[in-house]
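Inside the fold
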There are 2 protein chains.
Amino acid sequence: MTIDTFKGTAASLSLDKLRRSCGYCAMHDVCLPAGLDGGDLERLDSTVRERRPLDRGSALFHQGDSFTALYVVRSGSLKSYVEGSDGDMQILGFHLPGEIMGVGGLTNDHYPSSVEALERSSICELPYPQLQAVSASMPALHHQLIRVISHEIVSEQAHMVMMGKQQAQRRVAIFLRSLADRYGRLSRDPTALTLPMSRGDIANYLGLVIETVSRLFSRMEADGILAVNRKSVRILRRDLLDALCGGETES
Amino acid sequence: MTIDTFKGTAASLSLDKLRRSCGYCAMHDVCLPAGLDGGDLERLDSTVRERRPLDRGSALFHQGDSFTALYVVRSGSLKSYVEGSDGDMQILGFHLPGEIMGVGGLTNDHYPSSVEALERSSICELPYPQLQAVSASMPALHHQLIRVISHEIVSEQAHMVMMGKQQAQRRVAIFLRSLADRYGRLSRDPTALTLPMSRGDIANYLGLVIETVSRLFSRMEADGILAVNRKSVRILRRDLLDALCGGETES
DNA sequence: GGATCGAGTTGACCGTAGTCAATAACGCGC
DNA sequence: GCGCGTTATTGACTACGGTCAACTCGATCC
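Now for a look at the structure at hand. (Residues numbered from 1 in each chain as written. Chains lettered and ligands numbered in written order. Predicted model: local features only at pLDDT ≥ 70, side-chain atom pairs only at ≥ 80, totals over all residues. Heavy atoms only, no water.)

A few words on the sheet that holds strand β6 (residues 100-101) of chain B. All names here are of chain B. Read from one edge to the other, the open sheet built from four strands follows the order β1-β8-β3-β6, with strand pairing classed as antiparallel. The sheet is open, and its two edges are formed by β1 (49-54) and β6, each paired on a single side. Relative to strand β8 (residues 121-127), strand β3 (residues 69-75) runs antiparallel, the two sharing six bridges. Counterpart to L70 in the pairing with β8 is L126. (Pairing = 2+ DSSP bridges. Helix = DSSP H or I, 4+ residues; strand = E, 2+ residues; numbered from the N terminus.)

Here it is in C-alpha coordinates:
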(Lines give C-alpha, C1' and ligand atoms only; values in the text may rest on other atoms or scores of the structure.)
Protein backbone atom coordinates (compact mmCIF):
# COMPACT_ATOMS: atom_id res chain seq x y z
CA MET A 1 0.00 0.00 0.00
CA THR A 2 1.47 3.37 -1.01
CA ILE A 3 0.87 6.69 0.65
CA ASP A 4 -1.35 7.74 -2.24
CA THR A 5 -3.79 4.86 -2.04
CA PHE A 6 -4.00 5.22 1.71
CA LYS A 7 -4.48 8.99 1.40
CA GLY A 8 -7.57 8.35 -0.66
CA THR A 9 -9.30 6.65 2.24
CA ALA A 10 -8.44 9.31 4.78
CA ALA A 11 -8.19 12.53 2.86
CA SER A 12 -8.96 14.66 5.90
CA LEU A 13 -5.72 13.73 7.64
CA SER A 14 -2.62 15.74 7.05
CA LEU A 15 0.27 13.94 5.43
CA ASP A 16 2.26 14.39 8.61
CA LYS A 17 -0.38 12.81 10.80
CA LEU A 18 -0.77 10.09 8.24
CA ARG A 19 2.89 9.21 8.35
CA ARG A 20 2.61 8.70 12.09
CA SER A 21 -0.57 6.65 11.91
CA CYS A 22 -0.93 2.97 12.80
CA GLY A 23 -2.17 2.18 9.30
CA TYR A 24 0.98 3.54 7.77
CA CYS A 25 3.32 2.11 10.40
CA ALA A 26 5.55 -0.74 9.33
CA MET A 27 4.78 -2.52 12.62
CA HIS A 28 1.07 -2.53 11.73
CA ASP A 29 0.46 -6.26 11.72
CA VAL A 30 2.75 -7.33 14.54
CA CYS A 31 1.41 -4.70 16.92
CA LEU A 32 -1.70 -3.95 18.91
CA PRO A 33 -3.76 -3.01 15.81
CA ALA A 34 -3.32 -6.46 14.27
CA GLY A 35 -6.69 -7.67 13.07
CA LEU A 36 -8.49 -4.34 13.31
CA ASP A 37 -10.23 -3.03 10.21
CA GLY A 38 -10.35 0.50 8.79
CA GLY A 39 -12.85 2.22 11.06
CA ASP A 40 -11.63 0.63 14.27
CA LEU A 41 -8.06 1.27 13.28
CA GLU A 42 -8.74 4.97 12.91
CA ARG A 43 -10.35 5.13 16.32
CA LEU A 44 -7.40 3.38 17.94
CA ASP A 45 -5.13 5.72 16.04
CA SER A 46 -6.82 8.69 17.65
CA THR A 47 -5.68 7.52 21.08
CA VAL A 48 -2.04 7.03 20.12
CA ARG A 49 0.42 9.72 21.01
CA GLU A 50 3.92 9.56 19.69
CA ARG A 51 6.54 10.52 22.20
CA ARG A 52 9.73 12.16 21.07
CA PRO A 53 12.53 9.64 20.63
CA LEU A 54 14.27 8.31 23.71
CA ASP A 55 18.05 8.43 23.75
CA ARG A 56 20.16 5.46 24.75
CA GLY A 57 20.08 5.07 28.51
CA SER A 58 17.07 7.26 29.20
CA ALA A 59 14.01 5.86 30.91
CA LEU A 60 10.51 5.51 29.54
CA PHE A 61 9.22 5.10 33.09
CA HIS A 62 10.56 4.00 36.44
CA GLN A 63 9.53 1.27 38.82
CA GLY A 64 7.02 2.86 41.19
CA ASP A 65 5.88 5.62 38.82
CA SER A 66 2.13 5.91 38.73
CA PHE A 67 0.58 4.05 35.83
CA THR A 68 -0.73 6.29 33.07
CA ALA A 69 -0.24 4.55 29.76
CA LEU A 70 0.79 1.50 27.82
CA TYR A 71 3.62 1.89 25.33
CA VAL A 72 4.62 0.20 22.11
CA VAL A 73 8.07 0.21 20.52
CA ARG A 74 7.98 1.88 17.12
CA SER A 75 11.70 1.64 16.42
CA GLY A 76 14.81 0.84 18.42
CA SER A 77 14.87 -1.40 21.47
CA LEU A 78 14.51 -1.23 25.25
CA LYS A 79 14.99 -3.32 28.37
CA SER A 80 12.73 -3.69 31.38
CA TYR A 81 14.09 -4.49 34.79
CA VAL A 82 13.41 -4.37 38.50
CA GLU A 83 15.76 -3.22 41.21
CA GLY A 84 15.78 -4.84 44.63
CA SER A 85 16.16 -2.74 47.74
CA ASP A 86 19.78 -3.88 47.95
CA GLY A 87 20.49 -2.29 44.59
CA ASP A 88 20.72 -5.43 42.53
CA MET A 89 19.04 -5.38 39.15
CA GLN A 90 17.19 -8.14 37.30
CA ILE A 91 16.39 -7.65 33.64
CA LEU A 92 12.96 -9.07 32.82
CA GLY A 93 12.95 -8.64 29.07
CA PHE A 94 14.00 -6.82 25.95
CA HIS A 95 11.50 -5.03 23.75
CA LEU A 96 11.70 -4.84 19.96
CA PRO A 97 9.46 -2.90 17.55
CA GLY A 98 5.78 -3.82 17.80
CA GLU A 99 6.10 -5.08 21.37
CA ILE A 100 4.09 -3.68 24.26
CA MET A 101 5.46 -2.27 27.49
CA GLY A 102 3.94 -1.32 30.82
CA VAL A 103 1.27 -4.01 31.16
CA GLY A 104 2.43 -4.82 34.69
CA GLY A 105 1.07 -1.45 35.75
CA LEU A 106 -2.50 -2.42 34.94
CA THR A 107 -2.89 -4.36 38.16
CA ASN A 108 -2.30 -1.69 40.76
CA ASP A 109 -1.75 1.79 39.35
CA HIS A 110 2.03 1.69 39.59
CA TYR A 111 4.58 0.31 37.16
CA PRO A 112 6.26 -2.65 38.84
CA SER A 113 9.37 -2.37 36.68
CA SER A 114 11.48 0.22 34.89
CA VAL A 115 11.99 0.49 31.14
CA GLU A 116 15.05 2.07 29.56
CA ALA A 117 16.16 2.54 25.96
CA LEU A 118 19.11 0.47 24.75
CA GLU A 119 19.54 2.75 21.72
CA ARG A 120 17.73 5.78 20.35
CA SER A 121 14.13 4.57 20.11
CA SER A 122 10.71 5.85 19.08
CA ILE A 123 7.76 4.98 21.25
CA CYS A 124 4.00 5.11 20.79
CA GLU A 125 2.11 6.10 23.91
CA LEU A 126 -1.41 4.86 24.60
CA PRO A 127 -2.84 6.81 27.54
CA TYR A 128 -4.82 4.20 29.41
CA PRO A 129 -8.01 6.13 30.19
CA GLN A 130 -8.49 6.86 26.51
CA LEU A 131 -7.59 3.34 25.48
CA GLN A 132 -10.11 2.06 27.99
CA ALA A 133 -12.80 4.40 26.69
CA VAL A 134 -12.22 3.41 23.09
CA SER A 135 -12.00 -0.31 23.77
CA ALA A 136 -15.22 -0.22 25.82
CA SER A 137 -17.11 0.32 22.58
CA MET A 138 -14.83 -1.78 20.41
CA PRO A 139 -14.90 -5.49 21.28
CA ALA A 140 -12.24 -6.32 18.71
CA LEU A 141 -9.73 -3.97 20.30
CA HIS A 142 -10.67 -5.17 23.73
CA HIS A 143 -10.06 -8.74 22.77
CA GLN A 144 -6.83 -7.87 21.04
CA LEU A 145 -5.61 -6.09 24.17
CA ILE A 146 -6.31 -9.16 26.27
CA ARG A 147 -4.54 -11.33 23.72
CA VAL A 148 -1.46 -9.15 23.79
CA ILE A 149 -1.34 -9.14 27.58
CA SER A 150 -1.83 -12.89 27.67
CA HIS A 151 1.01 -13.25 25.21
CA GLU A 152 3.27 -11.53 27.73
CA ILE A 153 2.37 -14.22 30.24
CA VAL A 154 3.23 -17.00 27.84
CA SER A 155 6.56 -15.41 26.92
CA GLU A 156 7.45 -15.04 30.57
CA GLN A 157 6.57 -18.64 31.22
CA ALA A 158 8.91 -19.71 28.45
CA HIS A 159 11.60 -17.68 30.13
CA MET A 160 10.87 -19.32 33.48
CA VAL A 161 11.32 -22.73 31.88
CA MET A 162 14.72 -21.60 30.71
CA MET A 163 15.73 -20.19 34.06
CA GLY A 164 14.54 -23.30 35.83
CA LYS A 165 17.07 -25.89 34.90
CA GLN A 166 18.65 -25.29 31.51
CA GLN A 167 22.41 -25.18 31.42
CA ALA A 168 24.29 -22.07 30.45
CA GLN A 169 25.00 -22.88 26.81
CA ARG A 170 21.40 -23.76 26.16
CA ARG A 171 20.27 -20.46 27.71
CA VAL A 172 22.49 -18.50 25.39
CA ALA A 173 21.36 -20.56 22.40
CA ILE A 174 17.68 -20.08 23.24
CA PHE A 175 18.26 -16.36 23.70
CA LEU A 176 19.88 -16.00 20.29
CA ARG A 177 17.23 -18.07 18.61
CA SER A 178 14.46 -16.02 20.20
CA LEU A 179 16.10 -12.84 18.98
CA ALA A 180 16.55 -14.29 15.49
CA ASP A 181 12.90 -15.29 15.32
CA ARG A 182 11.73 -11.87 16.42
CA TYR A 183 14.01 -10.25 13.86
CA GLY A 184 12.44 -12.52 11.26
CA ARG A 185 8.95 -11.43 12.20
CA LEU A 186 10.09 -7.84 11.67
CA SER A 187 11.28 -8.82 8.19
CA ARG A 188 14.88 -8.29 9.13
CA ASP A 189 17.60 -10.78 8.30
CA PRO A 190 17.29 -13.39 11.07
CA THR A 191 20.87 -14.55 10.61
CA ALA A 192 22.52 -11.16 11.08
CA LEU A 193 21.80 -9.95 14.59
CA THR A 194 22.93 -6.61 15.93
CA LEU A 195 22.68 -6.95 19.68
CA PRO A 196 21.56 -3.64 21.14
CA MET A 197 22.28 -4.77 24.69
CA SER A 198 25.60 -5.27 26.46
CA ARG A 199 27.04 -8.64 27.44
CA GLY A 200 26.21 -7.70 30.99
CA ASP A 201 22.55 -7.21 30.08
CA ILE A 202 22.43 -10.57 28.33
CA ALA A 203 24.08 -12.31 31.26
CA ASN A 204 21.75 -10.70 33.77
CA TYR A 205 18.69 -11.58 31.72
CA LEU A 206 19.78 -15.22 31.46
CA GLY A 207 20.75 -15.59 35.10
CA LEU A 208 24.45 -15.96 34.28
CA VAL A 209 27.54 -13.82 34.72
CA ILE A 210 29.18 -11.80 31.99
CA GLU A 211 32.23 -14.06 31.78
CA THR A 212 30.10 -17.11 31.13
CA VAL A 213 28.23 -15.42 28.30
CA SER A 214 31.49 -14.25 26.78
CA ARG A 215 33.00 -17.72 27.00
CA LEU A 216 29.95 -19.31 25.40
CA PHE A 217 29.94 -16.83 22.52
CA SER A 218 33.58 -17.73 21.95
CA ARG A 219 32.85 -21.43 22.14
CA MET A 220 29.95 -21.25 19.71
CA GLU A 221 32.17 -19.29 17.37
CA ALA A 222 34.88 -21.94 17.66
CA ASP A 223 32.23 -24.56 16.92
CA GLY A 224 31.33 -22.76 13.70
CA ILE A 225 27.81 -21.87 14.85
CA LEU A 226 28.30 -18.12 15.10
CA ALA A 227 30.51 -15.37 13.81
CA VAL A 228 30.82 -12.86 16.63
CA ASN A 229 32.22 -9.39 16.36
CA ARG A 230 31.35 -7.17 19.29
CA LYS A 231 27.67 -6.40 18.96
CA SER A 232 27.15 -8.09 15.63
CA VAL A 233 26.42 -11.80 15.64
CA ARG A 234 25.95 -13.82 12.49
CA ILE A 235 24.25 -17.17 12.77
CA LEU A 236 26.16 -19.52 10.46
CA ARG A 237 24.54 -22.82 11.40
CA ARG A 238 20.96 -22.41 12.47
CA ASP A 239 20.61 -26.19 12.60
CA LEU A 240 23.33 -26.51 15.22
CA LEU A 241 21.87 -23.61 17.17
CA ASP A 242 18.50 -25.34 17.23
CA ALA A 243 20.18 -28.55 18.36
CA LEU A 244 21.69 -26.72 21.32
CA CYS A 245 18.26 -25.39 22.24
CA GLY A 246 16.91 -28.92 22.66
CA GLY A 247 13.15 -29.22 22.90
CA GLU A 248 12.67 -25.86 24.58
CA THR A 249 11.08 -22.81 23.04
CA GLU A 250 11.22 -19.13 23.83
CA SER A 251 9.58 -16.56 21.65
CA MET B 1 -23.96 -12.27 56.87
CA THR B 2 -26.05 -15.36 57.50
CA ILE B 3 -27.85 -17.41 54.92
CA ASP B 4 -31.18 -16.01 56.12
CA THR B 5 -30.38 -12.36 55.63
CA PHE B 6 -28.86 -13.09 52.25
CA LYS B 7 -31.88 -15.14 51.23
CA GLY B 8 -34.07 -12.11 51.75
CA THR B 9 -32.30 -10.23 48.98
CA ALA B 10 -32.49 -13.04 46.44
CA ALA B 11 -35.57 -14.98 47.28
CA SER B 12 -35.99 -16.29 43.74
CA LEU B 13 -32.79 -18.30 43.89
CA SER B 14 -32.87 -21.78 45.30
CA LEU B 15 -30.87 -22.34 48.44
CA ASP B 16 -28.64 -24.72 46.57
CA LYS B 17 -27.81 -22.24 43.83
CA LEU B 18 -27.30 -19.60 46.44
CA ARG B 19 -24.76 -21.64 48.28
CA ARG B 20 -22.74 -21.94 45.09
CA SER B 21 -22.95 -18.27 44.15
CA CYS B 22 -20.06 -15.80 44.10
CA GLY B 23 -21.80 -13.58 46.63
CA TYR B 24 -21.94 -16.41 49.14
CA CYS B 25 -18.48 -17.74 48.38
CA ALA B 26 -15.81 -17.23 51.00
CA MET B 27 -13.35 -16.26 48.28
CA HIS B 28 -15.60 -13.39 47.25
CA ASP B 29 -13.23 -10.50 47.84
CA VAL B 30 -9.95 -12.10 46.80
CA CYS B 31 -11.36 -13.41 43.53
CA LEU B 32 -12.50 -12.13 40.18
CA PRO B 33 -15.71 -10.54 41.58
CA ALA B 34 -13.72 -8.24 43.88
CA GLY B 35 -15.14 -4.76 43.57
CA LEU B 36 -18.31 -5.70 41.72
CA ASP B 37 -21.62 -4.61 43.21
CA GLY B 38 -24.90 -6.50 43.52
CA GLY B 39 -26.29 -6.34 40.00
CA ASP B 40 -23.00 -6.91 38.25
CA LEU B 41 -22.14 -9.69 40.65
CA GLU B 42 -25.33 -11.53 39.78
CA ARG B 43 -24.62 -11.26 36.08
CA LEU B 44 -21.10 -12.61 36.54
CA ASP B 45 -22.56 -15.34 38.68
CA SER B 46 -24.75 -16.44 35.83
CA THR B 47 -21.69 -17.27 33.74
CA VAL B 48 -19.99 -19.35 36.42
CA ARG B 49 -20.27 -23.09 36.24
CA GLU B 50 -19.05 -25.19 39.08
CA ARG B 51 -17.25 -28.31 38.00
CA ARG B 52 -17.36 -31.38 40.14
CA PRO B 53 -14.35 -31.66 42.45
CA LEU B 54 -11.06 -32.77 41.00
CA ASP B 55 -9.24 -35.57 42.77
CA ARG B 56 -5.57 -35.38 43.62
CA GLY B 57 -3.51 -35.95 40.49
CA SER B 58 -6.26 -35.39 37.95
CA ALA B 59 -5.93 -32.67 35.35
CA LEU B 60 -8.09 -29.59 34.88
CA PHE B 61 -6.74 -29.22 31.35
CA HIS B 62 -3.67 -30.26 29.43
CA GLN B 63 -1.06 -28.28 27.55
CA GLY B 64 -2.31 -28.07 23.97
CA ASP B 65 -6.01 -28.51 24.78
CA SER B 66 -8.13 -25.98 22.97
CA PHE B 67 -8.96 -22.97 25.10
CA THR B 68 -12.56 -22.84 26.28
CA ALA B 69 -12.65 -21.28 29.71
CA LEU B 70 -10.87 -19.58 32.56
CA TYR B 71 -10.95 -21.29 35.93
CA VAL B 72 -10.78 -20.15 39.53
CA VAL B 73 -9.84 -22.26 42.54
CA ARG B 74 -12.73 -22.48 44.99
CA SER B 75 -11.04 -24.84 47.43
CA GLY B 76 -7.94 -27.02 47.42
CA SER B 77 -4.82 -26.32 45.40
CA LEU B 78 -3.31 -27.06 41.99
CA LYS B 79 -0.06 -26.78 40.09
CA SER B 80 0.52 -25.61 36.52
CA TYR B 81 3.44 -26.87 34.49
CA VAL B 82 4.79 -27.32 31.00
CA GLU B 83 6.43 -30.38 29.58
CA GLY B 84 9.26 -30.16 27.09
CA SER B 85 9.45 -32.53 24.15
CA ASP B 86 12.16 -34.44 26.01
CA GLY B 87 9.73 -35.17 28.82
CA ASP B 88 11.13 -32.82 31.41
CA MET B 89 8.63 -30.85 33.42
CA GLN B 90 8.82 -27.30 34.71
CA ILE B 91 6.31 -26.17 37.31
CA LEU B 92 5.22 -22.60 36.66
CA GLY B 93 3.11 -21.98 39.73
CA PHE B 94 0.80 -23.19 42.46
CA HIS B 95 -2.79 -22.05 42.68
CA LEU B 96 -4.65 -21.43 45.93
CA PRO B 97 -8.32 -20.53 46.44
CA GLY B 98 -9.38 -17.34 44.66
CA GLU B 99 -6.60 -17.59 42.09
CA ILE B 100 -7.20 -17.73 38.36
CA MET B 101 -5.98 -20.40 35.95
CA GLY B 102 -5.83 -20.70 32.20
CA VAL B 103 -5.04 -17.10 31.25
CA GLY B 104 -2.17 -18.22 29.02
CA GLY B 105 -4.77 -19.70 26.68
CA LEU B 106 -6.25 -16.30 25.86
CA THR B 107 -3.50 -15.50 23.40
CA ASN B 108 -3.88 -18.29 20.87
CA ASP B 109 -6.80 -20.64 21.53
CA HIS B 110 -4.72 -23.33 23.18
CA TYR B 111 -3.62 -23.70 26.77
CA PRO B 112 0.18 -23.37 26.85
CA SER B 113 0.46 -25.29 30.12
CA SER B 114 -1.22 -28.08 32.05
CA VAL B 115 -2.97 -27.76 35.41
CA GLU B 116 -3.34 -30.61 37.87
CA ALA B 117 -4.86 -30.87 41.35
CA LEU B 118 -2.49 -31.36 44.27
CA GLU B 119 -5.37 -32.45 46.51
CA ARG B 120 -9.11 -32.81 46.09
CA SER B 121 -10.17 -29.37 44.83
CA SER B 122 -13.29 -27.51 43.74
CA ILE B 123 -13.07 -25.33 40.68
CA CYS B 124 -15.28 -22.60 39.22
CA GLU B 125 -15.40 -22.61 35.45
CA LEU B 126 -15.94 -19.44 33.44
CA PRO B 127 -16.65 -20.37 29.82
CA TYR B 128 -14.86 -17.67 27.89
CA PRO B 129 -17.46 -16.83 25.24
CA GLN B 130 -20.00 -16.11 27.96
CA LEU B 131 -17.50 -14.21 30.07
CA GLN B 132 -16.62 -12.13 27.04
CA ALA B 133 -20.30 -11.43 26.30
CA VAL B 134 -21.03 -10.37 29.86
CA SER B 135 -17.90 -8.25 30.25
CA ALA B 136 -18.60 -6.46 26.94
CA SER B 137 -21.49 -4.70 28.66
CA MET B 138 -19.87 -4.45 32.06
CA PRO B 139 -16.82 -2.19 32.15
CA ALA B 140 -16.12 -2.97 35.80
CA LEU B 141 -15.79 -6.68 35.12
CA HIS B 142 -13.78 -6.00 32.03
CA HIS B 143 -11.34 -3.89 33.96
CA GLN B 144 -11.19 -6.40 36.79
CA LEU B 145 -10.36 -9.16 34.31
CA ILE B 146 -7.48 -7.15 32.92
CA ARG B 147 -6.25 -6.41 36.42
CA VAL B 148 -6.26 -10.08 37.35
CA ILE B 149 -4.40 -11.05 34.20
CA SER B 150 -1.88 -8.29 34.73
CA HIS B 151 -1.40 -9.51 38.28
CA GLU B 152 -0.28 -12.83 36.83
CA ILE B 153 2.42 -11.00 34.92
CA VAL B 154 3.70 -9.24 38.01
CA SER B 155 3.77 -12.48 40.01
CA GLU B 156 5.70 -14.20 37.28
CA GLN B 157 8.17 -11.35 37.15
CA ALA B 158 8.76 -11.70 40.86
CA HIS B 159 9.47 -15.36 40.27
CA MET B 160 11.90 -14.53 37.48
CA VAL B 161 13.81 -12.25 39.84
CA MET B 162 14.11 -15.18 42.20
CA MET B 163 15.22 -17.61 39.52
CA GLY B 164 17.72 -15.10 38.17
CA LYS B 165 20.38 -15.03 40.79
CA GLN B 166 19.11 -15.79 44.28
CA GLN B 167 20.86 -18.55 46.14
CA ALA B 168 19.11 -21.71 47.16
CA GLN B 169 18.27 -20.84 50.75
CA ARG B 170 16.80 -17.51 49.76
CA ARG B 171 14.61 -19.22 47.16
CA VAL B 172 13.18 -21.56 49.75
CA ALA B 173 12.66 -18.70 52.19
CA ILE B 174 10.89 -16.56 49.58
CA PHE B 175 8.72 -19.51 48.62
CA LEU B 176 7.62 -20.11 52.20
CA ARG B 177 6.99 -16.44 52.81
CA SER B 178 4.91 -16.18 49.67
CA LEU B 179 2.83 -19.14 50.75
CA ALA B 180 2.42 -17.72 54.24
CA ASP B 181 1.25 -14.38 52.83
CA ARG B 182 -1.27 -16.03 50.56
CA TYR B 183 -2.54 -18.12 53.46
CA GLY B 184 -2.93 -14.90 55.40
CA ARG B 185 -5.01 -13.32 52.67
CA LEU B 186 -7.28 -16.36 52.85
CA SER B 187 -7.66 -15.73 56.59
CA ARG B 188 -5.80 -18.91 57.45
CA ASP B 189 -3.05 -19.04 60.01
CA PRO B 190 0.01 -17.77 58.12
CA THR B 191 2.40 -19.50 60.52
CA ALA B 192 1.00 -23.01 60.13
CA LEU B 193 1.47 -24.11 56.55
CA THR B 194 0.26 -27.43 55.21
CA LEU B 195 2.19 -27.90 52.01
CA PRO B 196 -0.05 -29.59 49.45
CA MET B 197 2.83 -30.20 47.05
CA SER B 198 5.70 -32.67 47.29
CA ARG B 199 9.31 -31.75 47.94
CA GLY B 200 9.93 -32.59 44.31
CA ASP B 201 7.33 -30.06 43.20
CA ILE B 202 8.84 -27.37 45.39
CA ALA B 203 12.33 -28.12 44.11
CA ASN B 204 11.22 -28.10 40.50
CA TYR B 205 9.36 -24.82 40.95
CA LEU B 206 12.39 -23.19 42.54
CA GLY B 207 14.91 -24.48 40.02
CA LEU B 208 16.61 -26.72 42.59
CA VAL B 209 16.80 -30.46 43.24
CA ILE B 210 14.85 -32.30 45.86
CA GLU B 211 17.88 -32.97 48.06
CA THR B 212 18.73 -29.29 48.26
CA VAL B 213 15.21 -28.38 49.36
CA SER B 214 15.26 -31.14 51.95
CA ARG B 215 18.63 -30.02 53.31
CA LEU B 216 17.48 -26.42 53.54
CA PHE B 217 14.30 -27.34 55.38
CA SER B 218 16.48 -29.22 57.84
CA ARG B 219 18.88 -26.32 58.17
CA MET B 220 16.13 -23.80 58.76
CA GLU B 221 14.70 -26.10 61.37
CA ALA B 222 18.10 -26.41 63.05
CA ASP B 223 18.32 -22.60 62.99
CA GLY B 224 15.02 -22.38 64.84
CA ILE B 225 13.19 -20.70 61.98
CA LEU B 226 10.84 -23.55 61.15
CA ALA B 227 9.33 -26.65 62.70
CA VAL B 228 9.03 -29.17 59.88
CA ASN B 229 7.09 -32.40 60.00
CA ARG B 230 6.44 -33.95 56.63
CA LYS B 231 3.94 -31.69 54.91
CA SER B 232 3.28 -29.42 57.85
CA VAL B 233 5.60 -26.47 58.33
CA ARG B 234 5.30 -24.07 61.22
CA ILE B 235 7.03 -20.71 60.94
CA LEU B 236 8.54 -20.02 64.34
CA ARG B 237 10.57 -16.93 63.53
CA ARG B 238 9.02 -14.87 60.79
CA ASP B 239 11.65 -12.19 61.39
CA LEU B 240 14.49 -14.55 60.58
CA LEU B 241 12.62 -15.85 57.56
CA ASP B 242 12.22 -12.30 56.28
CA ALA B 243 15.90 -11.69 56.86
CA LEU B 244 16.76 -14.67 54.67
CA CYS B 245 14.55 -13.28 51.94
CA GLY B 246 16.61 -10.11 51.74
CA GLY B 247 15.06 -7.26 49.81
CA GLU B 248 13.20 -9.47 47.37
CA THR B 249 9.48 -9.99 47.19
CA GLU B 250 7.27 -12.68 45.75
CA SER B 251 3.53 -12.77 46.17
C1' DG C 1 2.05 -58.01 61.92
C1' DG C 2 5.28 -57.98 58.48
C1' DA C 3 6.45 -56.97 53.56
C1' DT C 4 6.60 -53.54 50.30
C1' DC C 5 6.65 -49.15 48.11
C1' DG C 6 7.14 -44.27 47.65
C1' DA C 7 8.62 -40.00 49.74
C1' DG C 8 11.95 -37.77 52.28
C1' DT C 9 16.46 -37.22 54.64
C1' DT C 10 21.37 -37.39 55.04
C1' DG C 11 26.22 -38.09 53.54
C1' DA C 12 30.26 -38.21 50.25
C1' DC C 13 31.84 -36.64 46.12
C1' DC C 14 31.83 -34.04 41.74
C1' DG C 15 31.07 -30.64 38.02
C1' DT C 16 29.32 -26.42 36.20
C1' DA C 17 29.27 -21.96 36.47
C1' DG C 18 30.88 -18.13 39.55
C1' DT C 19 34.85 -15.34 41.40
C1' DC C 20 38.99 -13.02 40.99
C1' DA C 21 42.38 -11.16 38.14
C1' DA C 22 45.01 -9.90 34.08
C1' DT C 23 44.77 -8.50 29.42
C1' DA C 24 42.82 -6.82 25.09
C1' DA C 25 39.94 -4.00 22.14
C1' DC C 26 37.33 -0.40 21.19
C1' DG C 27 35.13 4.51 21.80
C1' DC C 28 35.61 9.10 22.96
C1' DG C 29 37.52 13.45 24.20
C1' DC C 30 41.27 16.51 23.93
C1' DG D 1 47.48 10.70 17.50
C1' DC D 2 47.37 9.77 22.37
C1' DG D 3 45.42 8.67 26.85
C1' DC D 4 41.79 7.13 29.41
C1' DG D 5 37.66 4.64 30.65
C1' DT D 6 34.45 1.25 29.50
C1' DT D 7 33.40 -3.25 27.68
C1' DA D 8 34.76 -7.68 26.44
C1' DT D 9 37.77 -11.72 26.49
C1' DT D 10 40.55 -15.27 28.56
C1' DG D 11 42.71 -17.95 32.33
C1' DA D 12 43.21 -20.06 37.07
C1' DC D 13 40.91 -21.30 40.95
C1' DT D 14 36.73 -21.98 43.99
C1' DA D 15 32.27 -22.94 45.79
C1' DC D 16 27.58 -23.88 45.54
C1' DG D 17 24.42 -26.85 44.40
C1' DG D 18 23.87 -31.29 41.75
C1' DT D 19 24.66 -36.36 41.48
C1' DC D 20 24.82 -40.78 43.32
C1' DA D 21 23.88 -43.73 46.96
C1' DA D 22 22.42 -45.44 51.44
C1' DC D 23 19.13 -45.16 54.78
C1' DT D 24 14.74 -43.83 57.47
C1' DC D 25 10.10 -43.17 57.99
C1' DG D 26 5.19 -43.80 57.07
C1' DA D 27 1.40 -45.57 54.65
C1' DT D 28 -0.84 -49.36 52.54
C1' DC D 29 -1.94 -54.00 51.54
C1' DC D 30 -2.43 -58.70 52.30
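Glancing now at the interface of chain B and chain A. One widely used convention gives an interface's size as the accessible area the parts lose upon coming together. Tallying the contact residues gives 44 residues for chain B and 44 residues for chain A. The contact between chain B and chain A buries some 3800 Å² in all, and 58% of this surface belongs to carbon and sulfur atoms. For the interface between chain B and chain A, the tally reads zero salt bridges. Our count for the contact surface shared by chain B and chain A stands at eleven residue pairs in polar contact (both at pLDDT 80 or more). Breaking the side of chain B that touches chain A down by element, the ones donating at least two residues are β5 (89-95), α4 (128-136) and α5 (139-165) of chain B. The element that contributes the greatest number of residues to the side of chain B that touches chain A is α5(B), accounting for 19 residues. When its residues are assigned to classes, the side of chain B that touches chain A shows 17 nonpolar, 19 polar and eight charged. (Contact = heavy atoms within 4.5 Å. Buried area = accessible area lost by both parts, 1.4 Å probe. Salt bridge = Lys/Arg side-chain N within 4 Å of Asp/Glu carboxyl O. Polar contact = N/O pair within 3.5 Å; in protein donor to acceptor, adjacent residues only side chain to side chain. Nonpolar A, V, L, I, M, F, W, Y, C, P; charged D, E, K, R; others polar.)

Residue and element names in this part refer to chain A. The buried fraction of helix α7 (residues 199-206) amounts to seven of the eight residues, a majority that puts the element mostly inside the structure. For α7, the full list of buried residues reads R199, D201, I202, A203, N204, Y205 and L206. Considering only its buried residues, α7 is in contact with β4 (78-83), β5 (89-95), α5 (139-165), α6 (168-185), α8 (210-222) and β10 (226-229). Two residues or fewer past α7, G207 is found with a positive phi of approximately 75 degrees. (Buried < 20%, exposed > 50% of the residue type's maximum accessible area, 1.4 Å probe, protein only.)

By themselves, these are just geometric observations and shouldn't be taken as functional.
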